[in-house]
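Structural description and commentary
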Amino acid sequence: MIMAKFTEEQETQWKSTKTIGIIGLGDMGLLYARRFSEAGWKVVGCDREDIFSSTSEKFSNEKFQVLKNGHFVSRISDYIIYSVEAENIAKIVSLYGPSTKFGAIVGGQTSCKEPEIAAFESILPQDIEIISVHSLHGPKVSTTGQPLVLIQHRASNESFKFVECLVSCLNSKHVYLSAKQHDKITADTQAVTHAAFLSMGVAWKSNNQYPWETPKWIGGIENAKINISLRIYSNKWHVYAGLSITNPSAHDQVLQYSKSTTELFRLMIEGKKSELKDRLTKAKSFVFHHIQEDHDLLLDDDILQKYSLSKVPPGGRQPNSHLSLLAIVDSWFNLGIVPYDHIICSTPLFRIFLGVTEYLFCTPGLLDECIEVAVDDVSFREDDLEFTIAARNWASIIGFGNFQLYQQEFERTQRFFQPMFSEANAIGNEMIKTILERVKERES
Ligand SMILES: NC(=O)C1=CN([C@@H]2O[C@H](COP(=O)(O)OP(=O)(O)OC[C@H]3O[C@@H](n4cnc5c(N)ncnc54)[C@H](OP(=O)(O)O)[C@@H]3O)[C@@H](O)[C@H]2O)C=CC1
Ligand SMILES: O=C(O)C(=O)Cc1ccc(O)cc1
């Protein structure tokens, strides 16, 4: 963790003189407001003005103070974080930006920085500094050790030191990037990961099946697919829509994912086994070239075996064509992305996705088995067909930048899985904990 050095005296002085403002007290805003105020900072925040009285009541026992709207927050805060829907960032900054305290610092938590920074640059007066943040994890994951991107866009080193001092209470791993670097990396990692899990959910819904009730999806890899897909669908649609639609690099990545899915599926149904094998072998040597035969893999099917939503006792791994995993490696190859290069800037879901694909491609014999199944066994054809259609549909919705259609598609699938969310989240949390512990062990 490289951190700009600040002394204990500076921290004490900043804590007694500076006010931190959070605009948007949703999942992430609340996480920050709570953690900063518990660490001894003076924190004020607001949510939408029309729900002020219910927000005040909801947070009446917290250590931070709820104010009526972003004007009241902005005029008294020394560092203001906008933690609002990405789609509305420009509108909300134009509303409250002019009320920003003279000489303050402003930043945002949105998942794509280009529109956020553009809004700050065009709306905020020149005396205002800009330092943005992005916690690369969801609100229910422990912040400790997770990557936290810090962007010193328009600010002095002294101001940056103050912001680092503030966020140090999260115990996250600080990653220093420009806004441009941030958007490229998150497009490479998050956008495609989400496209894959969103497509799985749609495919299961389109075939009207709950995968934990169907004996086809048994075993650790399948549990990871199911738990992560349901975890995404249990969240708010705007987080995923904002992240991919507002990031132009994400459009290319998601489009490549849908192309890879389509082309691999075509080879499967045409029975072109050797062409499929050649293509995947090439992709494997590009993505996993550093992994030796005796390498200790990040994930193992047996470890994930017990995280099942099924009521019947867990059985062993079943053969599967794994189109969703083959397509991600093919996409990385076609886009020239080595996913391990982004590991310092990755989310838990991306690491799990990478762990599962690494397991499939690098466990001796498994990729060959999967290719055999993909071509010779038709029992996954209807699922793979629906998966291909879903991947293409997500790519066009994202490419057209259609927030409304995104919301409709997302919420339709969300309703289908709704009854299982609390169980899936509980099991998913346990599964993620185990995986993250393994990552830590491997790193140490
Ligand atoms: N959830 C996650 O896993 C992560 C999310 N992010 C990013 O962080 C940002 C916030 O996400 P998250 O907290 O999950 O989303 P939430 O929807 O939970 O929070 C956003 C909050 O902002 C409120 N809001 C909307 N307009 C205003 C306004 N004019 N003034 C004050 N508050 C307003 C919203 O109210 P209402 O709902 O009534 O509109 C909502 O409570 C997003 O840009 C997201 O992409 C980043 C990292 C992780
Ligand atoms: O880990 C993931 O990919 C998540 O789904 C949580 C998430 C969502 C949005 C972000 O900007 C960062 C993390």
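Remember, predicted model here, so these are calculated numbers, not experimental data. (Residues numbered from 1 in each chain as written. Chains lettered and ligands numbered in written order. Predicted model: local features only at pLDDT ≥ 70, side-chain atom pairs only at ≥ 80, totals over all residues. Heavy atoms only, no water.)

Right, let's talk about the site of ligand 2 for a bit. As a matter of local geometry, ligand 2 sits amid 13 residues, with Ser111, His134, Gln190, His194 and Thr347 nearest to it. At 2.6 Å from an oxygen atom of ligand 2 is found a side-chain nitrogen or oxygen belonging to His134. At a separation of 3.2 Å, an oxygen atom of ligand 2 approaches a polar side-chain atom of Thr347. Computed on the free molecule, ligand 2 has an accessible area of 340 Å², of which 92% lies beneath the protein chains in the complex. Listing elements by their share of the shell around ligand 2, those giving two or more residues are strand S6 (129-135), helix H8 (179-206), helix H10 (237-245) and helix H15 (348-362). The element best represented in the shell around ligand 2 is H10, accounting for three residues. (Near = heavy atom within 4 Å. Polar contact = N/O pair within 3.5 Å; in protein donor to acceptor, adjacent residues only side chain to side chain. Areas by Shrake-Rupley, 256 points an atom, 1.4 Å probe, with all protein chains shown as cover. Helix = DSSP H or I, 4+ residues; strand = E, 2+ residues; numbered from the N terminus.)

Reports of interface size often rely on the accessible area that becomes lost once the parts have come together. Per the domain assignment, the segments of the chain are domain 1 (8-177) and domain 2 (183-439). Computed from C-alpha atoms alone, the centre-to-centre distance between domain 1 and domain 2 is 33 Å. Contact residues are listed per partner, giving 19 residues for domain 1 and 21 residues for domain 2. Here domain 1 meets domain 2 over a buried area of about 1600 Å², counting both sides, of which 60% is carbon and sulfur. Of all residues in domain 1, Glu87, Cys112 and Leu136 bury the most surface against domain 2, accounting for 29% of the area lost on that side. Applying the counting criterion to the domain 1 and domain 2 interface returns one salt bridge. The interface formed by domain 1 and domain 2 includes four residue pairs in polar contact (both at pLDDT 80 or more). At the level of secondary structure, the elements contributing two or more residues to the side of domain 1 that touches domain 2 comprise helix H6 (113-123) and strand S7 (147-154). Class assignment of the residues belonging to the side of domain 1 that touches domain 2 gives a composition of nine nonpolar, four polar and six charged. (Domains from an automatic or database assignment. Contact = heavy atoms within 4.5 Å. Buried area = accessible area lost by both parts, 1.4 Å probe. Salt bridge = Lys/Arg side-chain N within 4 Å of Asp/Glu carboxyl O. Nonpolar A, V, L, I, M, F, W, Y, C, P; charged D, E, K, R; others polar.)

The next thing to look at is the pattern of salt bridges. Pairing between side chains of opposite charge can happen when the charged atoms of each approach one another. The tally for this structure, following the rule as stated, stands at 17 salt bridges. Between Lys273 and Glu372 there is a salt bridge whose closest N-O contact spans 3.0 Å. Note that Lys273 is positioned in helix H12 (residues 273-287) and Glu372 in helix H16 (residues 366-376), a separation of 99 residues in sequence. Between Glu430 and Lys433 there is a salt bridge, with its nearest N and O atoms 3.6 Å apart. Of the two residues, Glu430 and Lys433 both sit in helix H19 (residues 421-443), three residues apart, roughly one turn of that helix. Sharing partners across several salt bridges, the network here consists of Glu263, Arg279 and Asp330.

Here we come to unusual backbone geometry. Located in the positive-phi region is Asn171, a residue other than glycine, with phi close to 55°. Structurally, the position occupied by Asn171 is in the loop between helix H7 (157-167) and strand S8 (173-176). Exposure remark for Asn171: the relative accessible area of 41% places this residue in the partly exposed category. The residue Asn208 is not glycine, and still its phi comes out positive at about 50°. (Buried < 20%, exposed > 50% of the residue type's maximum accessible area, 1.4 Å probe, protein only.)

The next thing to look at is the pairing of strand S1 (residues 19-23). Burial within S1 is extensive, with five of its five residues counted as buried. Here S1 shows no split at all, with Thr19, Gly21 and Ile23 on one side and Ile20 and Ile22 on the other all buried. Pairing between S1 and strand S2 (residues 42-46): five bridges, direction parallel. For Ile20, the partnering residue across the bridge sits in S2 and is Val43. Note: S1 against strand S4 (residues 79-82), four bridges, orientation parallel. Residue pairing in the sheet places Gly21 in a bridge with Ile80 of S4. (Pairing = 2+ DSSP bridges.)

Let us now look at the packing of aromatic side chains. Enumeration over the complete set of coordinates arrives at 22 aromatic pairs. With 5.7 Å between their ring centres and 55° between their planes, Trp14 and Phe162 make a pair best called tilted. Note that Trp14 is positioned in helix H1 (residues 8-17) and Phe162 in helix H7, a separation of 148 residues in sequence. The burial state of Trp14 is the same as that of Phe162; both residues are buried. (Phe/Tyr/Trp six-rings, centres within 6.5 Å; stacked < 30°, edge-to-face > 60°.)

This part covers the sheet that holds S7. In spatial order, the strands read S3-S2-S1-S4-S5-S6-S7-S8; together these eight strands make up an open sheet with mixed pairing. Each edge of the open sheet is held by one strand with a lone partner, namely strand S3 (65-66) and S8. Examined bridge by bridge, S7 and S8 share four bridges and lie parallel to one another. Looking across to S8, one finds that Leu148 is bridged to His174.

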